[in-house]
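# Architecture and fold: a report
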Amino acid sequence: MRAVTWQGFEDVRVEALPDPRIEEPTDAIVEVTSTAICGSDLHLYRPLAPFMEPGDVLGHEVMGRVVAVGSEVEQIAPGDRVVVPFNISCGRCHMCDLQLYAQCETTQVREHRKGAALFGYTKLYGHVPGGQADLVRVPQAHFGPVKVPEGPPDDRYLFLSDVLPTAWQAVAYADVPPGGSLAVIGLGPIGQMACRVARHRGIEKVLGVDLVPERLGMAQRHGVETVDAGQVDDVPEALRALTGGRGPDAVIDAVGMEAHGAPVAAAMQRAASVLPRSVGAALAMRAGVDRLAALRTAIDAVRRGGTLSIVGVYGGAADPIPMLELFDKGVQVRLGQAHVRRWVPEILPVLERDDDPLGLSDFVTHRLPLEEAPRAYAMFQAKEDGAIKVVLTP
Ligand SMILES: NC(=O)c1ccc[n+]([C@@H]2O[C@H](COP(=O)([O-])OP(=O)(O)OC[C@H]3O[C@@H](n4cnc5c(N)ncnc54)[C@H](O)[C@@H]3O)[C@@H](O)[C@H]2O)c1
Ligand SMILES: [Zn+2]
Ligand SMILES: [Zn+2]
């Protein structure tokens, strides 16, 4: 098969690899029909490079057709059209019983003290080959893959793998009171969908912040009032001005550790990625990926007693967080990886509606052949050519 492999700092290549096969009775093999590039893949491209091995297969946003199943897999069968959640969960452990699927105790990576294994996401998360490939082996397939109807194009269902459950959880965690307001910092794919989910769930005042014109424009098309972080001196002040002086009732940080506006951290990340592997990993864990520009904006902006929902990924173990401000303002903080399967029953019926309430027909900006993955990564990272969501077709 052909697969997108990580080779080094900002270096991905499409290579020929042996086809995956059933290894466990709970496995399935899926022939991939669409696979998207995520903001999380960009962290591997750069700041998390010290945790990657050359040749690792990338990708965790995947859908396709089942071609084989192990003897214990009954919920799906060869020929079924399925979406594959990015977390790998067993569905029958204590954490899965609590619907905390991103913490599944069967697939937890204890060696690195991490939660559930993820597709294509470094040795910290189980070193599982990803799905930016012709074929992918899906562990725990007796539980994970979601069967979807035939008919509508892949773009309607693909984002059940990550973007939609992640955005849905971010909005649920934000816990906006009736009649309240929400600000979303970062209008990448996750921020865009968080805004739309919020509007769909009846939150009238949704404010979006970014600095890329096409991203601000897309949010405006979906009922969001936007603030251009490149045009105002003080984003929290601008958000307070739009919310009666108090600040939004809840703020979602949909940026994470690669925020714009943190040049020192950027240099550290670059240094961490070119140092010898052991030193680089230690630096990346301790300080190399600490870029808190968006988080600081969110903490400053949220009203007193409001809620901060952090969905952007942070990777530093020694980030200086303004604890005084969080404590004094009495902010509630909720964060973490999305528990994908928890939200699927709520989201699937919305996707099946003919009127496309989440506007999925206005989301994917680029669709390229898998072979063009190197160009696709570079374009998405540089936000060139209006790229917002990029899908690869094997
Ligand atoms: N928690 C989860 O389960 C989960 C799942 C998927 C993605 N994520 C994370 O969510 C984050 C967003 O992902 P994405 O795919 O939308 O990526 P993305 O990189 O396209 O989006 C980030 C956006 O933030 C904007 N931005 C950067 N700095 C900013 C600043 N200082 N102020 C305002 N906006 C700023 C960028 O212009 C960009 O539009 C990433 O950190 C990703 O890893 C988390
Ligand atoms: Zn993703
Ligand atoms: Zn489990």
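Because the structure is a prediction, the values reported are computed rather than measured. (Residues numbered from 1 in each chain as written. Chains lettered and ligands numbered in written order. Predicted model: local features only at pLDDT ≥ 70, side-chain atom pairs only at ≥ 80, totals over all residues.)

## So, the site of ligand 1
Inspection of the region around ligand 1 gives 34 residues, with G39, S40, G186, G188 and G256 positioned closest. Among the secondary structure elements, those contributing two or more residues to the shell around ligand 1 are α1 (39-45), α5 (189-200), β9 (205-210) and α10 (293-301). Here the shell around ligand 1 is composed, by residue class, of 18 nonpolar, 13 polar and three charged. Taken together, domain 1 (2-162 + 339-393) and domain 2 (164-335) each give at least three residues to the shell around ligand 1, which thus spans both. (Near = placed C-beta within 6 Å. Helix = DSSP H or I, 4+ residues; strand = E, 2+ residues; numbered from the N terminus. Nonpolar A, V, L, I, M, F, W, Y, C, P; charged D, E, K, R; others polar. Domains from an automatic or database assignment.)

## Quick word on the domain arrangement of the protein chain
Accessible area lost on assembly of the parts is the figure often given for the size of an interface. By domain assignment, the protein chain separates into domain 1 (2-162 + 339-393) and domain 2 (164-335). Across the boundary between the two partners, domain 1 contributes 29 residues, which contact 34 residues of domain 2. Among the secondary structure elements, those contributing two or more residues to the side of domain 1 that touches domain 2 are α1 and α12 (340-351). By residue number, the principal contributor to the side of domain 1 that touches domain 2 is α12, which donates five residues. Classifying every residue of the side of domain 1 that touches domain 2 by side-chain character gives 17 nonpolar, six polar and six charged. (Contact = placed C-beta atoms within 7 Å.)

## Things to note about helix α6 (residues 213-221)
Among all positions of α6, only R215, L216, M218 and A219 are buried. For α6, the arc enclosing every buried residue in end-on projection is 160°, short of the 170-degree limit, so these residues lie on one face. Along α6, exposed side chains directed more than 90 degrees from the buried face belong to P213 and R221. (Buried ≥ 20, exposed ≤ 12 C-beta atoms within 10 Å, placed from the backbone. Arc of directions from axis to C-beta.)

## Quick word on the sheet that holds strand β10 (residues 225-228)
Read across the open sheet, the six strands follow the order β10-β9-β8-β11-β12-β13; overall the sheet is parallel. Looking at strand neighbours, the two that pair on one side only are β10 and β13 (332-335), the edges of this open sheet. The average undirected angle you get between the axes of adjacent strands in this sheet is 20°. Note that β9 and β10 share four bridges and pair parallel. (Pairing = 2+ DSSP bridges. Axes fitted to C-alpha atoms, helices over the stretch in contact; angles between N-to-C directions.)

## Some remarks on the pairing of strand β8 (residues 181-185)
Side-chain direction in a regular strand flips from residue to residue, so the side chains alternate between the two faces of the sheet. Among the five residues of β8, five are classified as buried, and the element is accordingly described as predominantly covered. A two-sided burial pattern is seen for β8, the buried positions comprising S181, A183 and I185 on one face and L182 and V184 on the other. Note: β8 against β9, five bridges, orientation parallel. Note that in β9 the partner of L182 across the bridge is V206. Following the backbone out of β8, through α5 and into the adjacent parallel β9, one traces a crossover that is right-handed. Where β8 lies against strand β11 (residues 250-253), four bridges are found, and the strand directions are parallel. Within β11, the position partnered with I185 by the bridge is D253. (Right-handed = clockwise from strand over helix to strand, strands pointing away.)

## A few points about unusual backbone geometry
In the Ramachandran plot, H127 falls in the positive-phi region, its phi being about 55° despite a non-glycine side chain. Following the sequence through the fold, H127 ends up in the loop between α2 (94-97) and β6 (135-138). Under the C-beta neighbour-count criterion, H127 is labelled partly exposed, with 16 such atoms within 10 Å.

## Thoughts on the packing of helix α4 (residues 163-174) against α5
Relative placement of two packed helices is described by the angle separating their axes and the distance separating the axes. Axis separation between α4 and α5 bottoms out at 8 Å; the angle between their running directions is 60°. As summarised for this structure, α4 and α5 are arranged oblique, according to the angle between their axes. The handedness of the crossing between α4 and α5 is right-handed. Here V163, L164, T166, A167, W168, A170 and V171 of α4 come into contact with α5, specifically with P189, I190, M193, A194, V197 and A198. Of the residues contributing to the contact of α4 with α5, the split by class is 12 nonpolar, one polar and no charged. (Parallel < 35°, antiparallel > 145°, perpendicular 65-115°, else oblique. Left-handed = near helix turned anticlockwise from the far one by under 90°.)

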